[in-house]
Amino acid sequence: MNNKTWFVAGQGSIGSFIAYNAMNKGISCKQIVRELTQTSQTCFHPIDKDSILLPESLPFSGLVPASIQFLIVPLKAYDIVPFLTQVKPFLAENAAIVLCHNGLGTIELATELITDNMDLFFCTTNNGLYKNEQGVFQAGLGESLWSHVAGLQPEKLTNNDFTSLLGSANMVNNLQQVLWQKLVINCAINPLTAINKIKNGALDQDVYRSSIANIVNETLAVGQAIGVELKHDQLINRVYQVIQATANNYSSMYQDVHAHKKTEIDFITGHVVKLGKELGIPTPTSNLIYEQLKTLYNNQ
Ligand SMILES: NC(=O)C1=CN([C@@H]2O[C@H](COP(=O)(O)OP(=O)(O)OC[C@H]3O[C@@H](n4cnc5c(N)ncnc54)[C@H](OP(=O)(O)O)[C@@H]3O)[C@@H](O)[C@H]2O)C=CC1
Ligand SMILES: CC(C)(CO)C(=O)C(=O)O
């Protein structure tokens, strides 16, 4: 029996999936929302079961100082630091915090925000969910991979915690490599689909081959320069496998641009461009794509 009380940041797609799983497992779980007006219940639509209303969420004003022991933060990468700053007074001095998002660049910032007895974990997920006016819909099942990333007590969480909240999950010892492999895929697929307004599958055409090859090479060069073990042929093959497996999907970045929402570009291509600059590694194609995407977002 899992007797932890979990707090989940936001009422988004992954956060609602976590709240749904917790409810089914009898785990105490509260989603934290910004305002009282956001506390209305989310309707969750599982793939193979009836839709169900999730428990009411809790606004920040309803939190008790220093009370949160277990927190999972499944937010867009750009919302992680603002959320952690806001929630900090409500964290217990020995809290366990799990970050869960696409892209890279938040772990260092979050580590600076936590105090000595707290522990930080990171979880990357391949579950597929989306949100619209009717609620949150589960689109596909996937595995989640997690690791302890900062603090002195990794035993605060076990694989059972992650499987209870996210379904199939495994602890990994090579999180950095896993995250960079995913970063290569997101760098190759997300901005190109958003800029060209195409589904993922349309990238499997000659016209995009050189851009994809350049993006993979540049991302790989930057990752390798900071010591991440990445294999070129394996990554190119993986990018095309994902393009084919998700051929009918619109990438999350395409969806954000289409919905006039902020994108995660700073934590995907932007992360590679920034590190490349610091390390003196040229990333011309990534620079161009980053600028194009930024212009596209600012113009909308
Ligand atoms: N959805 C998916 O299938 C997958 C998503 N991911 C990644 O997981 C991360 C989360 O994605 P997803 O769940 O889709 O994102 P969503 O946009 O659906 O959810 C994020 C939610 O957090 C809310 N939020 C932001 N800041 C705060 C705050 N300070 N306090 C309370 N609530 C806040 C947002 O509210 P508001 O809209 O009002 O800002 C939004 O409802 C992203 O990095 C994504 O790329 C990874 C794999 C699959
Ligand atoms: C794997 C991929 C590219 C699927 O669309 C994705 O992670 C995203 O859209 O953010």
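The structure presented is a predicted model; accordingly, all values stated were derived computationally and were not measured.

1. Notes on the packing of helix 1 (residues 13–25) against helix 4 (residues 159–166)
- Packing of helix 1 against helix 4 leaves a shortest axis separation of 6 Å and a crossing angle of 105 degrees. With respect to their mutual orientation, helix 1 and helix 4 come out roughly perpendicular. Counting all contacts with helix 1, which are made through Ile14, Phe17, Ile18, Asn21, Ala22 and Lys25, the residues of helix 4 involved are Thr163, Ser164, Leu165 and Leu166.
- Partitioning the contact of helix 1 with helix 4 into residue classes produces six nonpolar, three polar and one charged.

2. Let's talk about the site of ligand 1
- In the neighbourhood of ligand 1, 24 residues make up the surrounding shell, with Ile14, Arg34, Asn102, Leu129 and Glu264 lying closest.
- Between ligand 1 and Leu129 there is a distance of 2.7 Å, counted from an oxygen atom to a backbone nitrogen or oxygen.
- In the model, an oxygen atom of ligand 1 is placed 2.6 Å from a nitrogen or oxygen of the Glu264 side chain.
- Taken by itself ligand 1 offers 900 Å² of open surface, and the protein chains cover 81% of this.
- Among the residues making up the shell around ligand 1, the classes are represented as eight nonpolar, 11 polar and five charged.

3. Structural notes on the domain arrangement of the protein chain
- Entries for the protein chain in the domain assignment read domain 1 (5–173) and domain 2 (177–298).
- Each of domain 1 and domain 2 has a C-alpha centre, and the two are 26 Å apart.
- Among the residues domain 1 hides against domain 2, the three largest losses belong to Tyr78, Asn102 and Leu104. Together they make up 52% of the total.
- Joining domain 1 to domain 2, the criterion identifies one salt bridge.
- Salt-bridge contacts for Lys76 lead to Asp256; the nearest nitrogen and oxygen are separated by 3.4 Å.
- Summed over the shared surface of domain 1 and domain 2, the number is eight residue pairs in polar contact (both at pLDDT 80 or more).
- Those elements that provide at least two residues to the side of domain 1 that touches domain 2 are helix 2 (77–87) and strand 8 (119–125).

Rules used throughout
For every chain, the first residue of the written sequence is number 1, and numbering continues from 1 along that sequence. As they are written, the chains are lettered A onward and the ligands numbered 1 onward, keeping that order. The predicted origin of the model limits local features to residues at a pLDDT of at least 70 and limits the giving and counting of side-chain atom pairs to 80 or more, whereas totals for whole chains, interfaces and linings rest on all residues. Side-chain metrics rest on all non-hydrogen atoms present in the structure, leaving aside hydrogens and water. Every axis in this analysis is a line fitted to C-alpha atoms, fitted for helices over the stretch in contact. Angles between the N-to-C directions lie between 0 and 180 degrees. Here a strand is any run of E in DSSP of at least two residues, a helix any run of H or I of at least four, and the numbering for each starts at the N terminus. If an angle is under 35 degrees, it is roughly parallel; if it is over 145, roughly antiparallel; if it lies from 65 to 115, roughly perpendicular; otherwise it is oblique. A contact between two residues is defined here by any heavy atoms of the two lying within 4.5 Å. Basically, the charged four are Asp, Glu, Lys and Arg, the nonpolar ten are Ala, Val, Leu, Ile, Met, Phe, Trp, Tyr, Cys and Pro, and anything else, Gly included, counts as polar. Nearness of a residue to a molecule or strand requires only that one of the residue's heavy atoms be within 4 Å of it. Pairing of N or O atoms within 3.5 Å defines a polar contact, subject to two protein rules: one partner must be a possible hydrogen donor and the other a possible acceptor, and residues neighboring in sequence count only if both atoms are side-chain atoms. Each accessible area value is a Shrake-Rupley result obtained with a 1.4 Å probe; residue values ignore everything except the protein chains displayed when judging cover. Start and end points for every domain follow an automatic or database-based domain assignment. Summed over both partners, the accessible area lost on bringing two parts together, with a 1.4 Å probe, is the buried area. The rule for a salt bridge is simple: a side-chain nitrogen of Lys or Arg has to be within 4 Å of a carboxyl oxygen of Asp or Glu.

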